[in-house]
Amino acid sequence: VCRKHLQEIPSSSSNVSTSFTWDWDSSKTSEFLSGMGVSVLKKDKLGNENTPQDLLVSSPCPPQKRQKVKEKERDFVIVRRPRLLREAESGVSWDTLPDELLLAIFAYLPLNDLLKVSLICKRWHCLSFDESLWQTLDLTGRNLLPGVIGQLLPAGVTVFRCPRSCIGNPLFKTSKPLRVQHMDLSNCTVSVADLQSILCLCERLQNLSLEGLVLSDDIIKSIAKNLSLMRLNLCGCSGFSAEALELMLSSCSMLEELNLSWCDFTATHVKAAVNHVTSKVTQLNLSGYRQNLQIPDVKTLVERCPFLVHLDLSDSVMLKPECFQYFHQLIFLQHLCLSRCYQISPAALVELGKIPTLKTLQVFGIVTDSSLQLLKETLPDMKINCSHFTSIARPTVGSKKNHEIWGIKCRLTLRNPSG
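The rules behind these values
- Residues numbered from 1 in each chain as written.
- Predicted model: local features only at pLDDT ≥ 70, side-chain atom pairs only at ≥ 80, totals over all residues.
- Heavy atoms only, no water.
- Helix = DSSP H or I, 4+ residues; strand = E, 2+ residues; numbered from the N terminus.
- Buried < 20%, exposed > 50% of the residue type's maximum accessible area, 1.4 Å probe, protein only.
- Contact = heavy atoms within 4.5 Å.
- Areas by Shrake-Rupley, 256 points an atom, 1.4 Å probe, with all protein chains shown as cover.
- Core = buried A, V, L, I, M, F, W, Y, C linked by side-chain atoms within 4.5 Å.
- Axes fitted to C-alpha atoms, helices over the stretch in contact; angles between N-to-C directions.
- Parallel < 35°, antiparallel > 145°, perpendicular 65-115°, else oblique.
- Nonpolar A, V, L, I, M, F, W, Y, C, P; charged D, E, K, R; others polar.
- pLDDT = per-residue confidence, 0-100.
- Salt bridge = Lys/Arg side-chain N within 4 Å of Asp/Glu carboxyl O.
- Pairing = 2+ DSSP bridges.
- Arc of directions from axis to C-beta.
- Polar contact = N/O pair within 3.5 Å; in protein donor to acceptor, adjacent residues only side chain to side chain.

K.L.:
Give me the overall build of the protein chain: which residues, what numbers.
P.N.:
When its secondary structure is counted, the protein chain shows 13 helices and 18 strands. Across the 419 residues that make up the protein chain, the buried fraction comes to 46%. Relative to all contacts within the protein chain whose residues are 6 or more apart in sequence, the contacts with residues 24 or more apart total 65%. When the accessible surface of the protein chain is totalled, it reaches about 21500 Å², and 52% of it is carbon and sulfur.

So this is what it looks like as structure tokens:
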């Protein structure tokens with residue numbers, strides 16, 4: 001870890017540059033940290049601004065000297081501040097350590113402690129917000145007061161995990177594009193305007209999850225600016241038009257995984273999706289569209305996306321066994337989900353065994369326990385009803401203890417006060 005950070009730091013110890021600037025104001029900073037639930041350090045009585053008092057060599061401070069300026073100005077005196085000991089008799093002062101070494105030390109600090117050391121002095125404050133320390137950030141389930149997001153994301157964050165959080169107004173102090181490439185804001189409590197203020201600054205996204213959020217056409221247009229987007233999860237989203245969806249899908253031609261399940265879609269939205277999704281997509285979830293997804297839509301989709309490996313069309317009650325002919329055309333298809341497609345009988349599912357590449361089949365709700373056992377015996381090489389949930393484009397899969405986001409582990413995570 002140390003070597004990785006040192007490689008990203010300029011060679012000059014006296015000029016460590018950061019693209020992130022934050023005016024140092026101890027009182028405002030304390031309020032900011034309290035807004036994140038981080039207890040702040042108490043300020044020492046001497047008001048030292050260079051080195052933590054408990055790191056100094058204990059030594060009696062010399063008495064304050066008063067120097068008279070003029071006889072006529074007897075009431076005016078200069079109070080000389082006690083000088084800090086710069087060097088210990090048997091060690092090195094923290095003040096003499098180069099920036100590179102302090103950054104290497106800070107790289108081992110958890111987020112709570114890194115925020116606390118930012119209050120020590122101006123130098124440590126600047127170093128603690130060096131972009132090399134803020135590559136990955138996890139604020140899952142937090143109550144983030146106004147200004148917190150606007151202070152942290154411009155610090156150089158590239159991986160931001162923040163699902164199930166309450167996000168206040170970001171209050172960005174910069175209009176420069178953010179460096180975020182992987183972001184999970186699933187199921188957050190955030191206003192449409194505040195969400196747009198974040199996404200309008202994102203142009204480098206590769207993975208994005210906004211599951212369960214209310215969006216807008218402007219937000220969808222902001223997403224469309226991320227031409228390198230590879231995974232997009234909009235499961236359960238609402239608030240945007242079919243025209244905006246069409247624009248986004250046409251722009252994001254690099255998408256490999258797309259989850260548009262259970263959105264507030266009309267038949268027009270569904271047709272916009274199947275007619276404009278990129279042909280490069282390999283995993284697609286269009287479940288939950290009841291009467292709005294028709295067999296002709298499946299035909300269009302298959303012809304447009306020949307490289308599909310994982311396809312979920314669950315809860316599409318208009319689908320019948322006639323659509324199986326189109327699944328046979330997908331020569332890379334390995335995983336197929338048709339749960340609760342009630343017009344497909346259990347007997348008809350046997351035909352899907354003729355697809356040589358198919359490995360898993362999810363058909364919950366249309367087969368009874370007895371017919372499921374018979375189906376498994378008829379198709380012994382296929383795993384049937386082995387997973388209730390889809391993983392398409394979702395950032396975190398599996399146990400709640402899994403803190404990764406699309407396989408990336410976030411280093412900076414706020415610990416709970418108890419642990």
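There's more to say after this.
K.L.:
So what's going on with the nonpolar core? Residues and values would help.
P.N.:
Within soluble globular proteins, side chains that are nonpolar tend to cluster in buried spots. Core analysis: the largest hydrophobic core is formed by 109 residues, its most contacted members being Trp134, Phe160, Leu210, Phe327 and Leu338. Per-element tally for this core: the top contributor is helix α9 (residues 242-251), with 5 residues. Beyond its immediate sequence surroundings of up to four residues, leucine 338 is in contact with Leu313, Ser314, Leu319, Phe324, Phe327, Ile344, Leu352, Gln362, Val363 and Ile366.

K.L.:
Account for the packing of helix α8 (residues 217-224) against α9, naming residues and giving values.
P.N.:
Closest axis-to-axis distance for the α8/α9 pair is 8 Å, and the angle between their directions is 5°. Classed by the angle they form, the pair α8 and α9 counts as roughly parallel. Each of Asp217, Ile220, Lys221, Ile223 and Ala224 in α8 lies in contact with α9, whose residues at this interface are Ala244, Leu245, Leu247, Met248 and Ser251. Of the residues contributing to the contact of α8 with α9, the split by class is 7 nonpolar, 1 polar and 2 charged.

K.L.:
Residues and numbers for the confidence of the model for the protein chain, please.
P.N.:
The predicted model of the protein chain averages 83 in pLDDT, with 76% of residues at 70 or higher. Under a pLDDT of 50 for its full length, residues 1-24 has, in the predicted model, 47 contacts with residues more than four places off or in other chains. Confidence over residues 43-62 falls short of pLDDT 50; this stretch has 31 contacts with residues more than four positions distant or in other chains.

K.L.:
Explain the pattern of salt bridges to me, and be specific about the residues and the numbers.
P.N.:
This structure, assessed with the given rule, holds 8 salt bridges. A salt bridge links aspartate 297 to lysine 271; its shortest N-O distance comes to 3.2 Å. Of this pair, aspartate 297 sits in helix α11 (residues 295-304) while lysine 271 sits in helix α10 (residues 267-276); the two residues are 26 residues apart in sequence, bridging distant segments of the chain. Lysine 271 sits in the partly exposed class, given a relative accessible area of 41%.

K.L.:
Which residues make up the environment of methionine 230, and what values go with them?
P.N.:
Note on placement: methionine 230 falls in the loop between α8 and β9 (231-233). For the pair formed by methionine 230 and valine 281, sequence separation is 51 residues and the distance between their alpha carbons is 8.8 Å. The residues touching methionine 230, leaving out its near neighbours within four places in the chain, are Gln206, Met254, Leu255, Glu256 and Glu257.

K.L.:
Describe in detail the sheet that holds strand β11 (residues 283-285), supporting the description with residues and values.
P.N.:
The 12 strands are arranged β15-β14-β13-β12-β11-β10-β9-β8-β7-β5-β3-β18 in an open sheet whose pairing can be described as parallel. The open sheet is flanked by β15 (383-384) and β18 (412-413), the only strands paired with a single partner. The pairing of strand β8 (residues 207-209) with β9 spans 3 bridges and is classified as parallel. Of the residues in β9, the one forming a bridge with asparagine 207 is arginine 231.

K.L.:
Give me helix α7 (residues 192-199): which residues, what numbers.
P.N.:
Listed as buried for α7 are Asp194, Leu195, Ile198 and Leu199. The arc enclosing the buried residues of α7, seen along the axis, measures out at 135°, which places them on a common side.

K.L.:
Explain the side chain of serine 241 residue by residue, including any values.
P.N.:
Along the chain, the position of serine 241 falls in the loop between β9 and α9. Of note is the side chain of serine 241, whose polar atom sits 3.2 Å from the backbone nitrogen of alanine 244. In this structure, serine 241 is in contact with Asp217 and His269, ignoring residues within four places of it in sequence.

K.L.:
Quick rundown of unusual backbone geometry? Include the residues and the values.
P.N.:
Peptide bonds are, in most cases, trans, and in most cases residues other than glycine have a negative phi. With a phi close to 55°, asparagine 187 is a non-glycine residue in the positive phi region. Looking at the element boundaries, asparagine 187 is found in the loop between β7 (182-184) and α7. Taking relative accessible area as the criterion, asparagine 187 reaches 43% and is therefore assigned partly exposed. A positive phi angle, near 55°, is found at tryptophan 262, a position not held by glycine. Among the structural elements, tryptophan 262 can be located in the loop between β10 (257-259) and α10.

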